[in-house]
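Summary of the model geometry
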Amino acid sequence: MKENIMGVDVTTLNEQQLMSRIEDDIKRFQKVRIVAINPEKIMMAEQDLNLRHLLNESTYQIPDGIGVSIASKLSGGIVKGRVTGIGMMGNLLALANKNEWKIFMYGAKPEIVNQAARNIQKKYPKLIISGTLDGYINDTQQIMKTINEVQPHILFVALGSPKQELFIKNNMEQLHVNVFQGVGGSFDVFSG
Ligand code: UDP
């Protein structure tokens, strides 16, 4: 279910298959990690083995960027059309809304994350926003404690790359969360 594109794994599941897989993962209390793969990350990972590792050890690598599916096609692969990072976040919000699951939003500037949370709650009234934290607090212990107090099903981390991927890698063991997604500038988009 994965294909290796210039050293970096990418899922061959289509969007629908991926979402039903993740719904299943959450219902079975699995811990999963989602990372968006674009051509820039593939190029950087060619030079940087640590980054390659960080990407490849995630659970689902989604093809964010049409360049990834084109590269797959050119080498005879079957990676399906693009699933963007923000599209994936939207899919997870819809899933959380359907199941009345708890989400937590960590990252971006305080006014951005708060406005994004208000907009998301309006659009997805049945999901539970169990907490928000801005991305400029440096007390990791406090961050962990705040998240673990509410035990969200889904944690969105918006610190930019690779900071968000490193945060997830270093702390996922200790966090009572099912799904981790690094979402880059997506809170900025949702706040507008
Ligand atoms: N950010 C943060 N803490 C930091 C650095 C960045 O919360 O220490 C936030 C920043 O405010 C922005 C997001 O991370 O909301 C990064 O967005 P960007 O578009 O740069 O990320 P990319 O998608 O390019 O990785």
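The written sequence of each chain sets the order in which its residues are numbered from 1. For this predicted model, a pLDDT threshold of at least 70 governs which residues receive local features, and a threshold of 80 or more governs which side-chain atom pairs are given and counted, while totals over whole chains, interfaces and linings are taken from all residues.

Attention shifts here to the overall build of the chain. Looking only at helices and strands, the chain has nine helices and eight strands in total. Each radius of gyration reported is based on C-alpha atoms, and the globular scaling rule is 2.2 Å times the count of residues to the power 0.38. The C-alpha radius of gyration of the chain comes to 16 Å, within 12% of the 16 Å expected for a compact globule of 192 residues. Its C-alpha atoms give the chain principal-axis dimensions of roughly 45 × 35 × 35 Å. Taking the contacts inside the chain whose residues are at least 6 apart along the sequence as the reference set, 72% of them involve residues at least 24 apart. Here a helix means four or more residues in a row that DSSP labels H or I, a strand means two or more in a row labelled E, and each is numbered from the N terminus. Here, residues touch in the contact sense if the C-beta positions derived from the backbone fall within 7 Å of one another.

This part is about the site of the ligand. A residue counts as near a molecule or strand when its C-beta atom, positioned from the backbone, falls within 6 Å of it. Every one of the 13 residues lining the ligand counts as a neighbour, but Ala 108, Gly 135, Gly 160, Gly 184 and Gly 185 are closest to it. Each residue is assigned to one of three groups, with Ala, Val, Leu, Ile, Met, Phe, Trp, Tyr, Cys and Pro labelled nonpolar, Asp, Glu, Lys and Arg labelled charged, and all others, Gly among them, labelled polar. When its residues are assigned to classes, the shell around the ligand shows five nonpolar, six polar and two charged.

Turning next to the sheet that holds strand S8 (residues 179-182). Two strands form a pair only when DSSP identifies at least two bridges running between them. With parallel pairing, six strands are arranged side by side in an open sheet as S4-S3-S8-S7-S5-S6. Among the strands making up the open sheet, the edge pair consists of strand S4 (60-63) and strand S6 (128-133). Here the average twist between neighbouring strands, direction ignored, is 20°. A fitted line through C-alpha atoms represents every axis, and for helices the fit uses only the stretch in contact; the resulting angles, taken between N-to-C directions, go from 0 to 180 degrees.

Attention now goes to the pairing of strand S3 (residues 32-37). Summarising the sheet, S3 and S8 pair through three bridges and their orientation is parallel. Bridging across to S8, Ile 34 finds its partner in Gln 181. The pairing of S3 with S4 spans four bridges and is parallel. Of the residues in S4, the one forming a bridge with Ile 37 is Pro 63.

The subject of this paragraph is the confidence of the model for the chain. In predicted models, pLDDT denotes the confidence assigned by the predictor to each residue on a 0 to 100 scale. Averaged over all residues, the pLDDT of the chain equals 96, while 100% of them reach at least 70. Two summary scores accompany this predicted model of the complex, namely pTM at 0.96 and ipTM at 0.94.

Looking now at helix H2 (residues 39-47). Exposure in this text rests on C-beta crowding, where 20 or more other C-beta atoms within 10 Å of a residue's own make it buried, 12 or fewer make it exposed, and counts in between make it partly exposed. The C-beta atoms are placed from the backbone. Among the residues of H2, those classed as buried are Lys 41, Ile 42 and Ala 45. Seen from one end, H2 has its buried residues packed into an arc of 100°, which puts them on one side. What points out from H2, more than 90 degrees from its buried face, is the exposed set Glu 40 and Gln 47. Where the residues of H2 are buried, they touch strand S1 (2-5), strand S2 (8-11), S3 and helix H3 (49-56). For this quantity, the arc is that covered by the directions from the helix axis to the C-beta atoms.

Put simply, a nonpolar core is a cluster of buried Ala, Val, Leu, Ile, Met, Phe, Trp, Tyr and Cys residues tied together by C-beta atoms within 7 Å. Core analysis: the biggest nonpolar cluster contains 50 residues, and Ile 37, Leu 155, Phe 156, Val 157 and Phe 187 have the highest contact counts within it. In this structure, Phe 187 is in contact with Met 105, Gly 107, Ala 108, Ile 112, Val 113, Ala 116 and Ala 158, ignoring residues within four places of it in sequence.

It is worth spelling out the packing of H2 against H3 at this point. Two elements in contact, H2 and H3, have axes whose closest approach is 6 Å; the angle formed by their N-to-C orientations is 130°. Taken together, the axes of H2 and H3 are oblique relative to one another. Along its contact with H2, which presents Lys 41, Met 44 and Ala 45, the element H3 presents Leu 51, Arg 52 and Leu 55. Looking at the contact of H2 with H3 residue by residue, the class counts come to four nonpolar, no polar and two charged. Oblique is the label for any angle not under 35 degrees, not over 145, and not in the 65 to 115 range, which are roughly parallel, roughly antiparallel and roughly perpendicular in turn.

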